[in-house]
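In case you want the letters, here they are:
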Amino acid sequence: MKQSVVIEADQKIARINPNIYGHFAEHLGHCVYEGIWVGNDSAIENRNGIRCDVVDALRRIKPPVVRWPGGCFADDYHWQDGIGRRENRPERINVHWGGVIDNNHFGTHEFMDFCAQIGAEPYVCGNMGSGSVREMRDWIEYMNCADNSTLARLRGKNGHPEPFSVKYFGIGNENWGCGGSMSPDYYAHEVRRYSTFLYSFGVQPFHRIACGPSGDDPSWTRRFFEVLSGYAGGFSRLSSIQGFALHYYCGTAGTATEYTDDQWYELLAKAMKIESILVRHRAIMDGFDPERKIGLVIDEWGTWHPVIEGTNPRFLRQQNTIRDALVAALSLDIFNRNADKVVMTNIAQTVNVLQAMILTRGSDILLTPTYHVYEMYAAHQGADSVPCRVKTDRITFETITGKSSLPTLAGSCSRTDDGITLSLVNTHVSEPVEVSVDLRGVSKTELRSWRVLASDDIHDHNTFEEPENVKPVDEDITSSTIELQPASVSVLIYSVD
Ligand code: AHR
């Protein structure tokens, strides 16, 4: 099969906000506890209780931002529980995720330390569902205030006199569901009220991020903005938020590791739906906010498979195959191509939960195929997205509801002064694809590197016994043709004169 890619390297869609490569860590299963936090006394090597192997691995993928503490957990979390001497912190029941005890040893200071260690900005999600305006407002003062206030002094007493300078703050999570079962009207009115008191305490820019829809629910987005903008009566409070965050999980087809060829395609096609969803919701937002002062965020996305057999079903621990890697690559390509419409995304979740970067077992650690995509795609962060037109045929497959199809080849392209990064995905389970790349708008280019993530079997994944089963390799750049292996992700970097 021969396909082609035309790149207009002298045209710019928008800068790819590095935050598009963001992460999400919730108090859920073994994401925070065991995955990130082991405590100072652990035999596992740690720095201030945070495991060093996880920090080292995450640093390599340049995480720009991490969202915490949830998820559903956020709207049942009271930040005062997680500060002060650890032995004095209360033990609470994690009602959403298995009813297990959370001893609150990982709280605000520990999260900020984690972010500092991995080099990421913190994105804190506040509790609207079961909290109060005052509680949320005080948390921000505690984290951001540089003045001599009681809350700022308390932060100092707890070990951090300098403000944490949090720039990203969520006003609740999934408030249409686990965050309070609210209607869009009700939530929008609450956002009007809450945001009135959510001062930045001197941090600029400060992004208040409101809860968006569950997947493709235009009625939530439309009604929320109608109420916020004053269309439904009252004055506009549009300027009270700087971000609006939708969630989209593409789910599963088959199980995490067992699927037919058709189910392989089905899941990739479901993942690719995120493009029409983000375009539709940005278009609705444009009707109220044509200058795009409010950024579209996708602060939870990824695959959601049945859990690994024998594990707690509420811990959402799943394996991660080369198919998940292609889901990640196709999604990141979509975000790159729509860099003018999306400002941040956070894949769910960082360690041991859903489409994780890392799985841990005691002191063991493995990097998932999804991790490798983030490492390979890091060159796109902060680069200018340029138009990349892919001419491809489509693969037809069967689902229980009938026939469907998806493109064989997809990708995205970005440019810096240093060079051009082209990422390409061959979705075909068994056929290689030969690609002709037409790089326009640049005088002289040379292929500098070509990294490939592929596998002999479409079910391949990494295990603690074979942690390097799926890992990227360097491809021969002297070859005159670009032939993409079946079921593979490639990143090609060109130098430009
Ligand atoms: O990521 C797991 C859960 O999925 C989150 O807690 C919630 O926001 C979403 O429904």
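**Q** Before we move on, can you summarise the state of the cysteines with the specific residues and values?
**A** Tallying each qualifying case throughout the model produces one disulfide. Sulfur-sulfur distance for the disulfide between C72 and C178 comes to 2.2 Å. In this structure the cystine formed by C72 and C178 twists about its S-S bond by roughly -85°; its chirality is therefore left-handed. Of this pair, C72 sits in the loop between β6 (65–68) and β7 (92–94) while C178 sits in the loop between β10 (168–171) and α5 (184–197), and the two are 106 residues apart along the sequence. A residue is classified by how much of its surface remains accessible, and C72, at 12% relative accessible area, is buried.

**Q** Tell me what's going on with the site of the ligand, and back it up with residues and numbers.
**A** E26, C72, E174, Y249 and E300 are the nearest of the 13 residues found near the ligand. Note that an oxygen atom of the ligand is positioned 2.7 Å from one of the side-chain N or O atoms of E26. Between the ligand and the protein, one listed contact pairs an oxygen atom with a backbone N or O atom of C72 at 2.8 Å. Among the residues making up the shell around the ligand, the classes are represented as seven nonpolar, three polar and three charged.

**Q** Any chance you could break down the sheet that holds strand β25 (residues 473–474) for me, citing the residues and the numbers?
**A** With antiparallel pairing, seven strands are arranged side by side in an open sheet as β2-β17-β21-β22-β27-β24-β25. Here the strands that pair on one side only, and so sit at the sheet edges, are β2 (14–15) and β25. With seven bridges joining them, strand β22 (residues 419–426) and strand β27 (residues 488–496) adopt antiparallel strand pairing. Considered in β27, the bridge of L424 is made with S490. Along the sheet face, helix α10 (residues 369–377) touches β22, β24 (445–453) and β27 and points at about 170° away from the line of β24.

**Q** Please set out the pattern of salt bridges residue by residue, giving values where relevant.
**A** Any two side chains of opposite charge can pair if their charged atoms end up close together. By the definition in use, this model includes 32 salt bridges. Among the ionic pairs, R280 bridges to D216, the shortest N-O distance being 2.2 Å. With R280 in helix α8 (residues 274–288) and D216 in the loop between β11 (207–214) and α6 (218–229), this pair connects stretches of sequence that are 64 residues apart. Among the residues examined, R280 registers a relative accessible area of 35% and is labelled partly exposed. As a salt-bridge pair, E275 and R337 come within 2.9 Å of each other at their nearest N and O atoms. Placement of E275 in helix α8 and of R337 in helix α9 (residues 322–337) is noted, with a sequence separation of 62 residues between them. Through salt bridges with shared partners, one network takes in R282, D286, D289, R292, D340 and K341.

**Q** Tell me about the domain arrangement of the protein chain, and name the residues and values.
**A** Annotation of the protein chain at the domain level lists domain 1 (17–381) and domain 2 (388–496). Centre-to-centre, using C-alpha coordinates, domain 1 lies 29 Å away from domain 2. Listed as interface residues are 40 residues of domain 1 and, on the opposing side, 42 residues of domain 2. With both chains or domains summed, domain 1 and domain 2 bury close to 3200 Å², and 70% of this area falls on carbon and sulfur atoms. Three residues stand out in domain 1 for area buried against domain 2, namely Y265, I322 and M376, and they jointly supply 23% of the buried area on that side. Applying the counting rule to domain 1 against domain 2 returns one salt bridge. Among the ionic pairs, R361 bridges to E465, the shortest N-O distance being 3.4 Å.

**Q** Requested: an account of the side chain of K341, with residues and values cited.
**A** Turning to its location among the elements, K341 is positioned in the loop between α9 and β14 (342–348). At a separation of 3.3 Å, a polar atom in the side chain of K341 contacts the side chain of D340. Among all residues touching K341, those that are not within four sequence positions of it are L278, V279, R282, R292 and L296.

**Q** Residue-level account of the environment of G126, with values.
**A** Within the element layout of this structure, G126 appears in strand β9 (residues 121–126). If near-sequence neighbours (up to four positions away) are discounted, G126 is found in contact with A74, D75, M136, W139, F169, G170 and G172.

**Q** Lay out the pairing of strand β16 (residues 364–367) in plain terms, naming residues and giving numbers.
**A** As judged from the four bridges shared by strand β15 (residues 358–361) and β16, these two strands associate in the antiparallel manner. Bridge pairing in β16 places T360 opposite I365. The antiparallel hairpin formed by β15 and β16 contains two residues in its connecting segment, where G362 sits at a positive phi of about 60°.

**Q** Account for the nonpolar core, naming residues and giving values.
**A** If you look at the biggest cluster of nonpolar residues, it comprises 122 residues, and the most contacted ones within it are Y187, F224, W264, F335 and Y377. Two domains each put at least three residues into this core: domain 1 (17–381) and domain 2 (388–496). Setting aside residues up to four positions removed in sequence, F224 forms contacts with P184, Y187, A188, V191, A210, I241 and F244. Counting 23 residues, the second-largest nonpolar core is a separate cluster that includes L422, V435, V442 and V452.

What counts, and at which threshold
- Residues numbered from 1 in each chain as written.
- Predicted model: local features only at pLDDT ≥ 70, side-chain atom pairs only at ≥ 80, totals over all residues.
- Heavy atoms only, no water.
- Disulfide = S-S within 2.5 Å.
- Helix = DSSP H or I, 4+ residues; strand = E, 2+ residues; numbered from the N terminus.
- Buried < 20%, exposed > 50% of the residue type's maximum accessible area, 1.4 Å probe, protein only.
- Near = heavy atom within 4 Å.
- Polar contact = N/O pair within 3.5 Å; in protein donor to acceptor, adjacent residues only side chain to side chain.
- Nonpolar A, V, L, I, M, F, W, Y, C, P; charged D, E, K, R; others polar.
- Pairing = 2+ DSSP bridges.
- Contact = heavy atoms within 4.5 Å.
- Axes fitted to C-alpha atoms, helices over the stretch in contact; angles between N-to-C directions.
- Salt bridge = Lys/Arg side-chain N within 4 Å of Asp/Glu carboxyl O.
- Domains from an automatic or database assignment.
- Buried area = accessible area lost by both parts, 1.4 Å probe.
- Core = buried A, V, L, I, M, F, W, Y, C linked by side-chain atoms within 4.5 Å.

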